[in-house]
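Observations on the three-dimensional arrangement
Spelled out from the first residue to the last, the chains are:
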Amino acid sequence: MSETRAGQQPLTLEKGVAIFLDGLSGKNRSQATIRAYHTDLLQFLTFLHETNVLIETPQDVQKIDILEYFSHLAKKALSGVARARKMSAIREYFRFLEGLGLIAKSPTTGVETPRRERNTRQFLRSDEYTKMLSLAGANPRDYAILQVFLQTGIRVSELAHLTRNDLDFVKPSLTVVGKGKQAREIALEKKGTQALKSYLAVRPETFSDRLFLNYKGEPISERGIRKLVVKYTKAAGITKRVSCHTLRHTFATYKAEKGVSPFQLQQWLGHANLNTTQIY
């Protein structure tokens, strides 16, 4: 175990995490990112306490402990993407403590980041969905539907059941009722907001409060939305199989590539389990 100066309390693993998270707050990192790091580090600390009773402080952690932890995660079949994210949290934690002089050297030095699997879920390249949007530009409803899919990642069933009251142009945001009747709010970007305003300007007046209507002025069905997506996919010359769910994966993939935390993605996508989100 590490030595401390006379009268000085040793820096426990948990105290080190608390100092690290305070440091992230000081750097103005998002709350979602801080929560993700906190969860990943607590899981790591739990493993250390369960497998090595001699580890009490960050200085006690050795490279072999890091390697054993990631071997443990691999045996649990945790994806390479999830393991890479946990490695990032652990590496940044120890580098932070090393930078403050609280440990002599980070035990993550020389430990390779787990390989991320290729995302096998089908998604559209930016040139592909841009072509679809361009072709739908002359039809305000179709253009708005594609924009909502690409900007929010909602399910086709959720889009079909949207009402005009779900729109808030002040924030601007969209309230979506997902599985289990759980409501979530998703921010709208400028293009999506403008697309919806343009559609509402020409939307037929009916007794239905559903947001998207078919050519008869009735609520558009999920089948109708699926046919619409296939129509613009073919018109854009996209040969791979594309569905409404592909647009959902497109949204999630690009958000993940921009560094959005799994916790934030989970909230936007309405996933009940974080493991479902970690594929991205």
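To start, this report covers the structure provided alongside it. (Residues numbered from 1 in each chain as written. Predicted model: local features only at pLDDT ≥ 70, side-chain atom pairs only at ≥ 80, totals over all residues. Heavy atoms only, no water.)

Regarding the packing of aromatic side chains
Scanning the model with the defined rule gives 11 aromatic pairs in all. Arranged with centres 6.0 Å apart and planes meeting at 85°, the rings of Y129 and Y254 form a pair that is edge-to-face. Pair noted here: Y129 is in helix 5 (residues 126-136) and Y254 is in helix 10 (residues 244-257), with a separation of 125 residues, a long-range link. Members of the aromatic cluster, joined through ring pairs, are F20, Y37, F44, F47, Y69, F70, Y93, F94 and F96. The ring of F169 carries the charged tip of K197 above its face, separated from the ring centre by 5.4 Å. (Phe/Tyr/Trp six-rings, centres within 6.5 Å; stacked < 30°, edge-to-face > 60°. Helix = DSSP H or I, 4+ residues; strand = E, 2+ residues; numbered from the N terminus. Lys NZ or Arg CZ within 6 Å of the ring centre and 35° of its normal.)

What about helix 1 (residues 13-26)?
Its 14 residues give helix 1 an end-to-end C-alpha distance of 20 Å, which sits within 8% of 20 Å, the value for a rise of 1.5 Å per residue. Where helix 1 is buried, its residues touch helix 2 (31-51) and helix 4 (80-99). Once helix 1 ends, the next one or two residues include N28, with phi positive near 65°. (Expected span 1.5 Å × (residues − 1). Contact = heavy atoms within 4.5 Å.)

So, the sheet that holds strand 2 (residues 173-177)
Reading across the sheet, the 3 strands line up as 1-2-3 and stay open at both edges, with antiparallel pairing between neighbours. Because the sheet does not close on itself, it has two edges, and the strands there are strand 1 (167-168) and strand 3 (183-187). Inspection of the sheet shows strand 2 paired to strand 3 by 5 bridges, in the antiparallel sense. Paired with V177 across the strands is A183, a residue of strand 3. (Pairing = 2+ DSSP bridges.)

Notes on the environment of F70
With respect to the secondary-structure elements, F70 resides in helix 3 (residues 63-75). Residues F70 and L247, 177 residues apart in the sequence, show an inter-C-alpha distance of 33 Å.

Considerations on helix 2
The first and last C-alpha atoms of helix 2 sit 30 Å apart over 21 residues, in line with the 30 Å expected at 1.5 Å per residue. Those residues of helix 2 lying buried are A32, T33, I34, A36, Y37, D40, L41, F44, L45, F47 and L48. Buried residues belonging to helix 2 abut helix 1, helix 3, helix 4 and helix 11 (262-269). (Buried < 20%, exposed > 50% of the residue type's maximum accessible area, 1.4 Å probe, protein only.)

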